[in-house]
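# Overview (structure and organization)
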Amino acid sequence: KQEVTQIPAALSVPEGENLVLNCSFTDSAIYNLQWFRQDPGKGLTSLLLIQSSQREQTSGRLNASLDKSSGRSTLYIAASQPGDSATYLCAVRGYNNNDMRFGAGTRLTVKP
Amino acid sequence: DTAVSQTPKYLVTQMGNDKSIKCEQNLGHDTMYWYKQDSKKFLKIMFSYNNKELIINETVPNRFSPKSPDKAHLNLHINSLELGDSAVYFCASSQSGLLNTEAFFGQGTRLTVV
């Protein structure tokens, strides 16, 4: 069964810093990987999706990379802002693409 | 228009009661999911349906019974509620067979069992 791990569990940075969130998975036979953001008491907002054949995706200040062979993905956030404070979740979809598994998330705090 | 909508948003009920949570998606997706988010915020898959057919049942107690009347709806019925069922339940949908398919989530239903 696919297991997804996110490191660190929590991260606090001053505004303006660049930062990297990590996601690792045990089964490299994936369909795609999706990064989400969750604000307290809210639902999940999709940030980026990387197909299994892709190496990276970019959206604004966000860049997600995928190294399928090593079972890793990173989410890079450039020039962080207080509004980026949230929990970031990665989800991996296996070849049975009805099976989407989450990591425990990284709680990010960006201090003004 | 809300892509994935769940009702109710909040549900407070007593132990032993039976309750239902409804989910509807208007994205034309063929796959729907139920996830449970516990107090530690971990999202755990409970069920996955594809075209009204149960695909994944992740060792969930049989007090939980999903029902999919059509591929746009996946409802969750819970019998004999227990304190440990208190959590936020999320419904999601996606389209199978496409590498670039994103999953979309509802806003969640916060269930409190007292």
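Reference entry: report on the structure contained in this document. As a convention, each chain's residues are numbered from 1 in the sequence order in which they are written. Chain A is the first chain written and ligand 1 is the first ligand written, with later ones labelled in order. Totals for whole chains, interfaces and linings use all residues, but because this is a predicted model, local features are given only for residues with pLDDT of at least 70 and pairs of side-chain atoms are given and counted only at 80 or more. Only hydrogens and water are set aside; all other atoms, that is, all heavy atoms of the structure, feed into the side-chain values.

### Points about the overall build of chain A
Filter applied, for reference: By definition, any uninterrupted DSSP run of H or I lasting at least four residues is a helix, any uninterrupted run of E lasting at least two residues is a strand, and each is numbered from the N terminus. The atom set for the radius of gyration is the C-alpha atoms, and the globule formula is 2.2 Å times the number of residues raised to the power 0.38. Burial here depends on accessible area, computed with a 1.4 Å probe over protein chains only, as a share of the maximum for the residue type. Under 20% is buried, over 50% is exposed, and the range in between is partly exposed. Residue contacts follow a heavy-atom distance rule, with two residues in contact if any of their heavy atoms lie within 4.5 Å.
Across its full length, chain A carries zero helices and 11 strands. Mapped from its N terminus to its C terminus, chain A presents α and β elements in the order β-β-β-β-β-β-β-β-β-β-β. By the compact-globule yardstick of 13 Å for 112 residues, chain A fits well, its C-alpha radius of gyration being 13 Å. Counting only C-alpha atoms, chain A reaches 40 × 30 × 20 Å along its principal axes. The buried share of chain A, taken over its 112 residues, is 48%. In chain A, 54% of the contacts between residues at least 6 apart in sequence involve partners at least 24 apart.

### Focus on the pattern of salt bridges
When their charged atoms lie close together, side chains carrying opposite charge are able to pair. Our working definition: For this document, the term salt bridge refers to a Lys or Arg side-chain nitrogen within 4 Å of an Asp or Glu carboxyl oxygen.
The full count for this structure, using the stated rule, is seven salt bridges over all chains. Of the charged contacts, one joins Glu58 of chain B and Lys1 of chain A as a salt bridge, the two residues approaching to 3.0 Å between their closest N and O atoms. Of this pair, Glu58 of chain B sits in the loop between β6 (53-57) and β7 (64-70) while Lys1 of chain A sits in the segment before β1 (4-7), on two different chains. The partner of Asp84 of chain A in a salt bridge is Arg61 of chain A, with the nearest N and O atoms 2.8 Å apart. With a gap of 23 residues between them, Asp84 of chain A in the loop between β8 (72-77) and β9 (86-94) and Arg61 of chain A in the loop between β6 (56-59) and β7 (62-67) connect regions that are remote in the sequence. Using a relative accessible area of 7% as the deciding quantity, one classes Asp84 of chain A as buried. One network of salt bridges, with partners in common, ties together Lys1, Asp99 and Arg101 of chain A together with Glu58 of chain B.

### Some words on the sheet that holds β8 of chain A
All names here are of chain A. Quick note on the threshold: Two strands form a pair only when DSSP identifies at least two bridges running between them. To get an axis, fit a line to the C-alpha atoms, keeping to the stretch in contact for a helix; angles then go from 0 to 180 degrees between the N-to-C directions.
As summarised here, the arrangement of the five strands in space is β1-β3-β8-β7-β6, forming an open sheet in which the pairing is antiparallel. Edge positions in the open sheet fall to β1 and β6, since each of these has one partner strand only. The average undirected angle you get between the axes of adjacent strands in this sheet is 15°.

### Focus on the interface of chain A and chain B
Using the following cut-off: By convention, the term buried area covers the 1.4 Å-probe accessible surface removed from two parts as they join, with the contributions of both added. Two N or O atoms form a polar contact when they lie within 3.5 Å of each other; inside protein one atom must be a possible hydrogen donor and the other a possible acceptor, and for residues adjacent in sequence the pair counts only when both atoms belong to side chains. The classification used treats Ala, Val, Leu, Ile, Met, Phe, Trp, Tyr, Cys and Pro as nonpolar, Asp, Glu, Lys and Arg as charged, and all other residues, Gly among them, as polar.
Between chain A and chain B, the residue contacts involve 25 residues of the former and 27 residues of the latter. Here chain A packs against chain B, burying approximately 2100 Å² in sum over the two surfaces, 51% of which is carbon and sulfur. Our count for the contact surface shared by chain A and chain B stands at two salt bridges. In this structure, Arg101 of chain A engages Glu58 of chain B in a salt bridge whose closest nitrogen and oxygen atoms are separated by 2.8 Å. Seen at the junction of chain A and chain B, the total is 10 residue pairs in polar contact (both at pLDDT 80 or more). Listed by contribution, the elements that provide at least two residues to the side of chain A that touches chain B are β4 (30-38), β5 (44-51), β9 and β10 (100-102) of chain A. A per-element tally of the side of chain A that touches chain B places β4 of chain A first, with five residues. Here the residues of the side of chain A that touches chain B are counted per class, giving eight nonpolar, 12 polar and five charged.

### Notes on the state of the cysteines
Counted only if it meets this: Note that a disulfide, as used here, is simply two cysteine sulfur atoms within 2.5 Å.
Across all of its chains, the model carries two disulfides over all chains by this definition. The disulfide partner of Cys23 of chain A is Cys90 of chain A, and the gap between their sulfur atoms is 1.9 Å. Judged by the sign of its S-S torsion, about 65°, the cystine formed by Cys23 of chain A and Cys90 of chain A is right-handed. Here Cys23 of chain A is found in strand β3 (residues 19-25), whereas its partner Cys90 of chain A is found in strand β9, with 67 residues between them in sequence. On the accessibility criterion, Cys23 of chain A (1% relative accessible area) is buried. The class for Cys90 of chain A is buried, based on a relative accessible area of 0%. Covalent S-S linkage joins Cys23 of chain B and Cys91 of chain B, the inter-sulfur distance amounting to 1.8 Å. The sign of the S-S torsion, about -75°, decides the handedness of the disulfide formed by Cys23 of chain B and Cys91 of chain B: left-handed.

That's the geometry; what it means functionally is another story.
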